[in-house]
Protein chains: 2
Amino acid sequence: MTTPDKVNLAEKLRRFDQLWAPRIVGQLNGQHVKLVKLKGDFVWHQHETEDEFFLVLQGELTIHFRGGDVHLGEGEFTIVPAGVEHRPTAEHEAHVLLFEPLSTLNTGNVRNERTIPEPDWI
Amino acid sequence: MTTPDKVNLAEKLRRFDQLWAPRIVGQLNGQHVKLVKLKGDFVWHQHETEDEFFLVLQGELTIHFRGGDVHLGEGEFTIVPAGVEHRPTAEHEAHVLLFEPLSTLNTGNVRNERTIPEPDWI
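Just so we're clear, the structure is a prediction, and the values are computed from it rather than from any experiment. (Residues numbered from 1 in each chain as written. Chains lettered and ligands numbered in written order. Predicted model: local features only at pLDDT ≥ 70, side-chain atom pairs only at ≥ 80, totals over all residues. Heavy atoms only, no water.)

J.: Help me understand the interface of chain B and chain A in this model?
T.: Where interface size is quoted, it is often the accessible area lost as the parts come together. Contact residues are listed per partner, giving 38 residues for chain B and 39 residues for chain A. Regarding the contact of chain B and chain A, the summed buried area is about 3,100 Å², with carbon and sulfur atoms giving 66% of it. Between chain B and chain A we count two salt bridges in total. One salt bridge in this structure joins A:E76 and B:K6, with 3.2 Å as the shortest N-O distance. The tally of links from chain B across to chain A stands at 16 residue pairs in polar contact (both at pLDDT 80 or more). Breaking the side of chain B that touches chain A down by element, the ones donating at least two residues are β1 (6-8), β2 (23-28), β3 (31-41), β4 (52-58), β6 (68-72), β7 (76-80) and β8 (86-101) of chain B. Taken together, the residues that form the side of chain B that touches chain A break down as 18 nonpolar, 12 polar and eight charged. Bridge count between strand β1 (residues 6-8) of chain A and β7(B): three bridges; the pairing is antiparallel. Within the sheet, the bridge partner assigned to A:N8 lies in β7(B) and is B:E76. (Contact = heavy atoms within 4.5 Å. Buried area = accessible area lost by both parts, 1.4 Å probe. Salt bridge = Lys/Arg side-chain N within 4 Å of Asp/Glu carboxyl O. Polar contact = N/O pair within 3.5 Å; in protein donor to acceptor, adjacent residues only side chain to side chain. Helix = DSSP H or I, 4+ residues; strand = E, 2+ residues; numbered from the N terminus. Nonpolar A, V, L, I, M, F, W, Y, C, P; charged D, E, K, R; others polar. Pairing = 2+ DSSP bridges.)

If you want it as structure tokens, here you go:
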């Protein structure tokens, strides 16, 4: 057999600049590992059946919930449970690792110009 | 509703010293997020049905496969597919983030003194 590939997160992050457009960097157990660059405000949305993991690799990320905010710095993560409305916001550009089911749409239950139906592998 | 918790990886890593004993720090979509400290050689093993994600947070990790080795530095990950024999090794202490299904046993198909049937949450 061949050995599995390794992925360098910094090298993958250098391959794209587009904001709010997750890229896929791995797949396991029906989940994708994604990288995304964020700056500014996203839309309020929820994922009906998918829990979503956000780990900040660089910068700072605030995730707004209807009941309060979670502020994440580098090396911090949170898990947004399925069905919970949230809105990510980053004052400055932030780089985030996501772990979520293959079925997860970036805008969840919302479809608008920011929806990315099929994220690219990089 | 209450807002989700956030987890600081460095703070969690300060809570334990035991080597080769994964601690659970999160759960989503039937998967656990775990932290583990590694030094020395582990046993050859495989996971029959679980893919396993290894992201190096600190130090360096070599994963031996029957067909070759994967050497990971900080900020690098690999995914070990289900059914693939592997043996993690770290010359110096390394800190690693794992994503894997709830059912995953650290020693996979092997049961010995290094098996940890029920990892602790921290």
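J.: How do you make sense of the nonpolar core when you look at a structure like this?
T.: Side chains of nonpolar character tend, in soluble globular proteins, to be buried together. Core analysis: the largest hydrophobic core is formed by 29 residues, its most contacted members being A:F53, A:F77, B:F53 and B:F77. Once you skip the residues sitting within four places of it in the chain, A:F53 turns out to touch A:F77, A:T78, A:I79, A:L97, A:L98, A:F99, B:L28, B:V33 and B:F99. (Core = buried A, V, L, I, M, F, W, Y, C linked by side-chain atoms within 4.5 Å. Buried < 20%, exposed > 50% of the residue type's maximum accessible area, 1.4 Å probe, protein only.)

J.: Where do I start with the side chain of A:E50 in this structure?
T.: Within the secondary structure layout, A:E50 lies in the loop between β3 (31-41) and β4 (52-58). Despite its burial, A:E50 pairs with no opposite charge; the closest candidate is A:K34, at 8.6 Å N-O. Of the polar contacts made by the side chain of A:E50, one reaches the side chain of A:S103; its length is 2.6 Å. If sequence neighbours within four positions are ignored, A:E50 has contacts with A:V80, A:P81, A:A82, A:P101, A:S103, A:T104 and B:N29. (Lys, Arg positive; Asp, Glu negative; His and termini not counted.)

J.: I tried to follow the pairing of strand β5 (residues 61-65) of chain B on my own but got confused; where do I start?
T.: Where a strand is regular, its side chains alternate between the two sheet faces. All names here are of chain B. Counted residue by residue, β5 has five buried out of five residues, so it is predominantly covered. Both faces of β5 are covered, namely the face carrying L61, I63 and F65 and the face carrying T62 and H64. Of the pairings in the sheet, the one linking β5 to β6 comprises five bridges and is antiparallel in character. Pairing of L61 across the sheet is with L72, part of β6. Linkage of β5 to β6, two consecutive antiparallel strands, is achieved through a turn of two residues. For β5 and β8, the ladder comprises four bridges, and the chain directions are antiparallel.

J.: Sorry, what's going on with the environment of A:N106 here?
T.: Residue and element names in this part refer to chain A. Its place among the elements puts N106 in the segment after β8 (86-101). Take N106: its relative accessible area is 11%, and that puts it in the buried class. As for N106 and P117, which are separated by 11 residues in sequence, their C-alpha atoms are 8.0 Å apart. Not counting chain neighbours up to four residues away, the residues in contact with N106 comprise W20, P22, F42, H45, H47, R114, T115 and I116. A polar atom in the side chain of N106 sits 2.8 Å from the backbone oxygen of R114. At 2.9 Å, the side chain of N106 and the backbone nitrogen of I116 are in polar contact.

J.: Even after reading the chapter, I still don't get unusual backbone geometry, so can you show me in this structure?
T.: Negative phi characterises most residues that are not glycine, and trans characterises most peptide bonds. Residues and elements named next belong to chain A. With a phi angle near 60 degrees, W20 is a residue other than glycine that sits in the positive phi range. Mapped onto the secondary structure, W20 falls in the loop between α1 (9-13) and β2 (23-28). A positive phi angle, near 50 degrees, is found at N29, a position not held by glycine. Topologically, N29 is positioned in the loop between β2 and β3. Taking relative accessible area as the criterion, N29 reaches 18% and is therefore assigned buried.

That is the geometry; function is a separate question.
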